[in-house]
Amino acid sequence: MTTTGTVHSATEAAGAQGVNGGAHLRIPGLDVDPFAISFFEDPHPTHEVLREAGPVVHLDKWNVYAVARYAEVHAVLNDPQTFCSSRGVGLSDFAKEKPWRPPSLILEADPPAHTRTRAVLNKVLSPAVMKQIRDRFAAAAEAKVDELLAKGSFDAVTDLAEAYPLSVFPDAVGLKQEGREHLLPYAGLVFNAFGPPNELRQNAIERSAPHQAYVQEQCQRDNLAPGGFGACIHARVDSGDITAAEAPMLVRSLLSAGIDTTVNGLGAAIYCLARYPEEFARLRSDPSLARNAFEEAVRYESPVQTFFRTTTKDVEISGYHVGEGEKILMFLGAANRDPRRWVDPERYDITRKTSGHVGFGSGIHMCVGQLVARLEGEVMLAALSRKVASIQITGEVKRRFNNTLRGLDSLPITLTPA
Ligand code: OVV
């Protein structure tokens, strides 16, 4: 594959044309593989190719349609009747292939089933709950920054981006100490599994048994400490909102989506502030910008790069016909840098009006844990802004490769105290 891919004759895109032979526009077929290591190394030039090729493209390698412009990504996210989640939000179509694990009751569900489970997690992760946990999360961020300042030089991925969420989120869920080393491998597996059957996905699934066993066990009511998010989910069985069988599955959603996402969100923010010291200086001069600096990092790096939907009927997308039962790949990261929507999209600007970015998705499935993510991001960046004078990259930056998550494997930095 070439770095940027090539647009070729659309007739090669199997099924890319309207079945009725009507006056539909031709969907360009591309030979881009957005799940190849070479793509992950630098996706942005190819994101531009995808956006410029048309409002909808066909990716011949995986036989899927794709949208990379902001308008179409936003439109697909906001029409869940036409673009469903219940056939899976990865490449695999649950109507044709057995899912690798029982489908998520929230992520991989459509209304009306989705509405009830979503309401439960909305309440468990509500603004009122954030108010209860905020001081604990902030104190842990301050303690982490003090500890890292004492070290001076460390790896911002393992020692900060991973260590901080692992120091607060599993406790907030109510997990026991033992076995927590399974959490990141399990999440890595979940996000790799949304991708195509490439080496990343197949290797992850091959090694998945111990991580799946751990998660399944920790989701049971008896294994979740009182007062935590997990116990709060199980309490909704007593109020009749969900069944006893559904509760562990919703806890599973927190363990699937609650850690590696914030790890990569925090990693993105640290990487941005390290690369753009002028923005870190602005943050230091006004720590109240911490929350927006985190939000802008989520736009800029888009830790969750992609999700799929499946068409439930023949549909027209910006004049292009797509048939029923087709997978549509949404490039959240490309939408978040679409120059049609963003001024100077390649600039990390902590005072940007970030609202409308699709790094947390949009519409009925928009990240149910977004308040926890923002809380972690805000309190960590606020602590850094008050305690740290400079962030220097002092070693080789290594990228981590995952079919869905964008982030680093290693980011050696040195902090100077304020
Ligand atoms: C958003 C997301 C990612 C991965 C897993 C899940 C959700 C889930 O509900 O299990």
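Everything numeric in this text was worked out from a predicted model, so none of it was measured.

Cut-offs used in this document
Residues numbered from 1 in each chain as written. Predicted model: local features only at pLDDT ≥ 70, side-chain atom pairs only at ≥ 80, totals over all residues. Heavy atoms only, no water. Helix = DSSP H or I, 4+ residues; strand = E, 2+ residues; numbered from the N terminus. Contact = heavy atoms within 4.5 Å. Polar contact = N/O pair within 3.5 Å; in protein donor to acceptor, adjacent residues only side chain to side chain. Expected span 1.5 Å × (residues − 1). Bend = angle between axes of the 7 residues up to and from the residue. Near = heavy atom within 4 Å. Areas by Shrake-Rupley, 256 points an atom, 1.4 Å probe, with all protein chains shown as cover. Pairing = 2+ DSSP bridges. Axes fitted to C-alpha atoms, helices over the stretch in contact; angles between N-to-C directions. pLDDT = per-residue confidence, 0-100. Salt bridge = Lys/Arg side-chain N within 4 Å of Asp/Glu carboxyl O. Buried < 20%, exposed > 50% of the residue type's maximum accessible area, 1.4 Å probe, protein only. Core = buried A, V, L, I, M, F, W, Y, C linked by side-chain atoms within 4.5 Å.

## Here we look at the environment of Gln-305
Along the chain, Gln-305 turns up in the loop between helix 14 (290–301) and strand 7 (306–311). Between the C-alpha atom of Gln-305 and that of Asn-336, which follows or precedes it by 31 residues, the distance is 9.7 Å. Excluding residues within four positions of it along the chain, Gln-305 makes contact with Pro-43, His-47, Met-330, Phe-331, Leu-332, Gly-333, Thr-404 and Arg-406. From its side chain, Gln-305 meets the backbone oxygen of Ser-302 in a polar contact 2.9 Å long.

## So, helix 6 (residues 156–173)
End to end, helix 6 covers 24 Å across 18 residues, agreeing with the expected 26 Å (1.5 Å per residue, within 8%). Along helix 6, the largest kink reaches about 40 degrees and is centred on Ala-163; proline Pro-165 follows within four residues of it. Backbone nitrogen of Val-157 and a side-chain oxygen of the N-cap are separated by 2.8 Å at the start of helix 6; the cap is Asp-155. At the C-terminal side of helix 6, Gly-174 shows a positive phi close to 100 degrees.

## Quick notes on the site of the ligand
Near the ligand you find Arg-101, Ser-104, Ile-106, Leu-107, Val-190, Phe-191, Phe-194, Ser-253, Ser-256 and Ala-257, and these make up its full shell. In this structure, Ser-253 approaches the ligand through a side-chain N or O atom, which is 2.6 Å from an oxygen atom. The fraction of the free accessible surface of the ligand (290 Å²) that becomes covered by protein chains is 86%. The set of elements that each furnish at least two residues to the shell around the ligand consists of helix 7 (183–193) and helix 11 (246–257). A per-element tally of the shell around the ligand places helix 11 first, with three residues.

## Some remarks on the pairing of strand 12 (residues 398–401)
Bridging between strand 12 and strand 13 (residues 406–410) involves four bridges; their strand directions are antiparallel. Each residue of the ladder has a partner; that of Phe-401, found in strand 13, is Arg-406. The hairpin formed by strand 12 and strand 13 contains four residues between the paired strands.

## Observations concerning the sheet that holds strand 11 (residues 388–393)
Judged by pairing direction, the sheet is antiparallel, and its three strands sit side by side in the order 6-14-11 without closing on themselves. With one partner strand each, in any of the chains shown, strand 6 (153–155) and strand 11 form the two edges of the open sheet. Neighbour-to-neighbour, the strand axes of the sheet open up by a mean angle of 30 degrees, direction not taken into account. With five bridges joining them, strand 11 and strand 14 (residues 412–417) adopt antiparallel strand pairing.

## Examining the confidence of the model for the protein chain
Per-residue confidence for the protein chain gives a mean pLDDT of 95; residues scoring 70 or more make up 94%. pLDDT under 50 marks residues 1–21. Its contacts with residues more than four places away, or in other chains, come to 44 contacts.

## A look at the pattern of salt bridges
Following the criterion strictly, the structure yields 29 salt bridges and no others. Asp-409 serves as the salt-bridge partner of Arg-400, at 2.7 Å between the closest nitrogen and oxygen. Classification of Arg-400 by relative accessible area gives partly exposed; the value is 27%. When salt bridges that share partners are traced, they join Arg-87, Asp-93, Lys-96 and Glu-324 into one network.

## What to know about the nonpolar core
If you look at the biggest cluster of nonpolar residues, it comprises 105 residues, and the most contacted ones within it are Phe-137, Phe-229, Ile-233, Leu-283, Leu-381, Leu-384 and Leu-415. Here Leu-283 is in contact with Leu-273, Leu-289, Ala-290, Ala-293, Ile-350, Leu-381 and Ser-385, once residues within four sequence places are set aside. One finds Phe-35, Val-57, Ala-68 and Phe-308 within the second-largest nonpolar core, a separate group that totals 17 residues.

## Notes on the pairing of strand 10 (residues 327–331)
With five of five residues buried, strand 10 is to be regarded as a mostly interior element. Going residue by residue along strand 10, you find Lys-327, Leu-329 and Phe-331 tucked away on one face and Ile-328 and Met-330 tucked away on the opposite face as well. Relative to strand 10, strand 4 (residues 64–67) runs parallel, the two sharing three bridges. Opposite Tyr-65, over in strand 10, you have Ile-328 as the bridge partner. Looking at chain direction, strand 7 and strand 10 are connected through five bridges and run antiparallel. Among the inter-strand pairings, Thr-306 is bridged to a residue of strand 10, identified as Phe-331.

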